[in-house]
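A look at the structure
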Amino acid sequence: MRYDVLIIGGGVTGCAIARQLARWKLSVALLEAREDVAMGASRANSAIVHAGYDAQSGTLMAAMNVRGNALYDSWCRELEVPLQRIGSLVIAFDEADEKELKNLYERGVRNGVPGLEIVDGARARELEPSLSDKVTAALWAPTGAITCPYQLTVACFENARANGVEFYMDTPVTAIEAQEDGVRVLSGGRSFQARYLVNAAGLYADDVARMVGDTSFAIHGRKGEYMLLDRSAKCVSRVIFQTPSAMGKGVLVSPTVDGNVFAGPTAVDVEDREDTEVSQAGVNVLRTLSIKSVPGLNLRSVITSFAGVRSQPSTGDFILEPSAVFPRMIHAAGICSPGLTSAPAIAEFIAGLLRQAGLELVEKEDYNPHRPAIRRFAEMNMQERAAAIAENPLYGRIICRCETITEAEIVEAVHRGARSVDAVKRRTRAGMGRCQGGFCSPRVMDILSRETGMDMTELTKFGGQSKLLVGKLKEVR
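Model, not experiment: these values are computed from the prediction. (Residues numbered from 1 in each chain as written. Predicted model: local features only at pLDDT ≥ 70, side-chain atom pairs only at ≥ 80, totals over all residues. Heavy atoms only, no water.)

**Notes on the environment of Arg371**
- By the element assignment, Arg371 lies in the loop between helix 8 (339-356) and helix 9 (382-391).
- In this structure the C-alpha to C-alpha distance between Arg371 and Arg287, which are 84 residues apart in sequence, comes to 39 Å.
- Other than its neighbours up to four places away in sequence, Arg371 contacts Glu78, Leu79, Glu80, Val81, Val154, Ala155, Glu158, Asn159 and Arg416.
- A distance of 2.9 Å separates a polar atom in the side chain of Arg371 from a polar atom in the side chain of Glu158. (Helix = DSSP H or I, 4+ residues; strand = E, 2+ residues; numbered from the N terminus. Contact = heavy atoms within 4.5 Å. Polar contact = N/O pair within 3.5 Å; in protein donor to acceptor, adjacent residues only side chain to side chain.)

Structure representation (structure tokens):
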């Protein structure tokens, strides 16, 4: 199997690059170690489209953030991914915080962020009435937005695949062999060859680099814990940040595109890059700091807590460059926050680096940038629901009561490639409501088994060994 470009990593960065490269007459493939895309930081982050005032001026982070923010409208429109330009507020409680707001404002202006404004406490509460009365000032960024990170990743994957990119799941890279005219990538007993290789391996990008002898950077994990509240607890309409620290942008309170509200993340450096456990200490921090921003936040309405681990590069900036050791490997590494915002811009930038490296980019005449989303029964009016059921009776059977997800939506998700309960969840929201899958999970499993032909004992929650059933009770006594 020989390609023009191989991409390692199926997070939002890798899938955005795949979508970008699908515009040209190239043979492209993406290798993902897990059973689905969006299995790492792309499934557990703040879902914020950052305005771009936080990144240090002159860095790749700053440039990719501002450019990425500007691209989001077209990308989300073409991919039918939700995007809400609700704006963001960085709030101050004292003179020291206000000084930091001024620094952020000046940096944002240098970075080219439009519409920034420092407002007093009264104006901040006009913009967001739920704010604490102790807020003295705020930085208002009207271009701040919210989206859904895993929906965007899945949409990029589906659009890239429809335009000819090949995807290989459950394909961890075990070795890379540099060749004179390209590269050979090994995964177990399988071998892939390509002219160029893009390293978008997230938390493991440094491991991939070392496979060709490149030790120029290291990645360490930084865990962020979150609390998600039920829709009934929604009390904010803007993204609310506290002033940032050396560990990140701080604990924020924000609505989601699905009508919930969340608090998070914490910021704890971890040795184990797979450590997604939520700690009591982390929950305590979230409770204290979220209430400081929004005193009326109803923390009794928490329906789940979760954590994600983001990639922190030793360089302090995104690593977007050819490897000095092996120039046919292009790094898209160290993509921490604002990585989600930056993904479309990073995809453009990596395509430019490949062109500079000698890859000819000839546009396809039949490239289609549009990807239709799964039709959501919950978002239809009564006439649309009646028409949908008349066309497909499976729309008449509700599987997930909390989110009003129908059998038709789940069947389509499976036909688009979902092979686990969590893969269905990311595509349809089945299991994301108040009961967190307590009602619908067995029904989702039944549909998965029926549509894929897999035995119920083969089904998993998120791939690997996360099996949900081991057999009938009488067989396992």
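So that's the structure; there's more coming.
**Looking at the packing of aromatic side chains**
- Going through the model one piece at a time under the given rule, you end up with 5 aromatic pairs.
- Each ring, one from Phe157 and one from Phe167, has its centre 4.7 Å from the other, and the planes form 85 degrees; the classification is edge-to-face. Within this pair, whereas Phe157 is found in helix 5 (residues 149-162), its partner Phe167 is found in strand 9 (residues 166-168), the two being separated by 10 residues in sequence. Neither residue differs from the other here; Phe157 and Phe167 are each classed as buried.
- Considering the side-chain rings of Phe377 and Tyr395, the 6.2 Å spacing of their centres and the 25 degrees angle between planes classify their relative orientation as stacked. Here Phe377 is found in the loop between helix 8 and helix 9, whereas its partner Tyr395 is found in the loop between helix 9 and strand 21 (398-400), with 18 residues between them in sequence. The same class applies to Phe377 as to Tyr395, namely buried.
- The cationic tip of Lys292 hangs over the ring face of Phe93; the distance from NZ or CZ to the ring centre is 4.6 Å.
- Seen from the ring of Tyr196, Arg328 lies directly overhead, with NZ or CZ sitting 5.0 Å from the centre. (Phe/Tyr/Trp six-rings, centres within 6.5 Å; stacked < 30°, edge-to-face > 60°. Buried < 20%, exposed > 50% of the residue type's maximum accessible area, 1.4 Å probe, protein only. Lys NZ or Arg CZ within 6 Å of the ring centre and 35° of its normal.)

**Points about the UniProt feature "domain: BFD-like [2Fe-2S]-binding" (unreviewed entry) in the protein**
- Taking the UniProt record as the reference, the feature "domain: BFD-like [2Fe-2S]-binding" (unreviewed entry) is found at residues 398-449.
- With 50% helix and 10% strand, residues 398-449 has its two end C-alpha atoms placed 18 Å apart. (UniProt positions renumbered as here; feature names shortened; annotations may be inferred.)

**Notes on the sheet that holds strand 4 (residues 83-84)**
- The antiparallel open sheet is built from 3 strands, whose spatial order is 3-8-4. In this open sheet, the two edge strands, each paired with only one partner strand, are strand 3 (48-49) and strand 4.
- Bridge count for strand 4 against strand 8 (residues 145-147) is 2 bridges, and the pairing is antiparallel. In the strand pairing of strand 8, Gln84 is matched with Ile146. (Pairing = 2+ DSSP bridges.)

**Some thoughts on the packing of helix 1 (residues 12-21) against helix 2 (residues 60-79)**
- In the contact formed by helix 1 and helix 2, the axes pass within 14 Å of each other and the chain directions differ by 80 degrees. With respect to helix 2, the axis of helix 1 lies roughly perpendicular. For the pair helix 1 and helix 2, contact is made by Ala16, Arg19 and Gln20 and by Trp75, Glu78 and Leu79, respectively.
- In the contact of helix 1 with helix 2, the residues fall into 3 nonpolar, 1 polar and 2 charged. (Axes fitted to C-alpha atoms, helices over the stretch in contact; angles between N-to-C directions. Parallel < 35°, antiparallel > 145°, perpendicular 65-115°, else oblique. Nonpolar A, V, L, I, M, F, W, Y, C, P; charged D, E, K, R; others polar.)

**Re the nonpolar core**
- Residues Ile7, Leu21, Val198, Ile350 and Leu354 are the most contacted members of the largest nonpolar core, which totals 55 residues.
- Sorting elements by how many residues they give to this core places helix 8 first, with 9 residues.
- Residues in contact with Leu21, not counting those within four places in the same chain, are Val5, Ile7, Leu26, Val28, Ala351 and Leu354. (Core = buried A, V, L, I, M, F, W, Y, C linked by side-chain atoms within 4.5 Å.)

**Some thoughts on the pairing of strand 16 (residues 261-264)**
- On strand 16, burial covers both faces: Val261 and Ala263 on one face and Phe262 and Gly264 on the other are all buried.
- Summarising the sheet, strand 13 (residues 219-229) and strand 16 pair through 3 bridges and their orientation is antiparallel. Following the sheet pairing, Met227 is matched in strand 16 by Ala263.
- When strand 15 (residues 252-255) meets strand 16, the two strands line up antiparallel, connected through 4 bridges. Looking across to strand 16, one finds that Pro255 is bridged to Val261.
- Count of turn residues in the strand 15/strand 16 antiparallel hairpin: 5 residues, of which Gly259 carries a positive phi of about 95 degrees.

**So, a nonpolar patch on the surface**
- On the surface, a nonpolar cluster with roughly 240 Å² of combined accessible area is contributed by Tyr105, Val109 and Ile118.
- Relative to the helices and strands, Val109 resides in helix 3 (residues 95-111). (Patch = residues over 30% accessible without salt bridge, like charges linked within 9 Å, V, L, I, M, F, W, Y side chains within 5 Å. Areas by Shrake-Rupley, 256 points an atom, 1.4 Å probe, with all protein chains shown as cover. Salt bridge = Lys/Arg side-chain N within 4 Å of Asp/Glu carboxyl O.)

**Notes on helix 3**
- Between its terminal C-alpha atoms helix 3 stretches 24 Å, which fits the 24 Å expected from 17 residues at 1.5 Å a residue.
- Of all the positions in helix 3, only Asp97, Leu101, Leu104, Arg107, Gly108 and Asn111 are classed as buried. When helix 3 is viewed along its axis, its buried side chains cluster within an angular range of 130 degrees and face the same direction. Away from its buried face, by an angle of more than 90 degrees, helix 3 presents the exposed residues Glu95, Lys99 and Arg110.
- Where helix 3 is buried, its residues meet helix 2, strand 5 (88-92), strand 6 (117-120) and strand 7 (137-141).
- Its side-chain oxygen at 3.2 Å from the backbone nitrogen of Ala96, Asp94 defines the N-terminal cap of helix 3.
- Of the residues trailing helix 3, Gly112 is marked for its positive phi of about 90 degrees. (Expected span 1.5 Å × (residues − 1). Arc of directions from axis to C-beta.)

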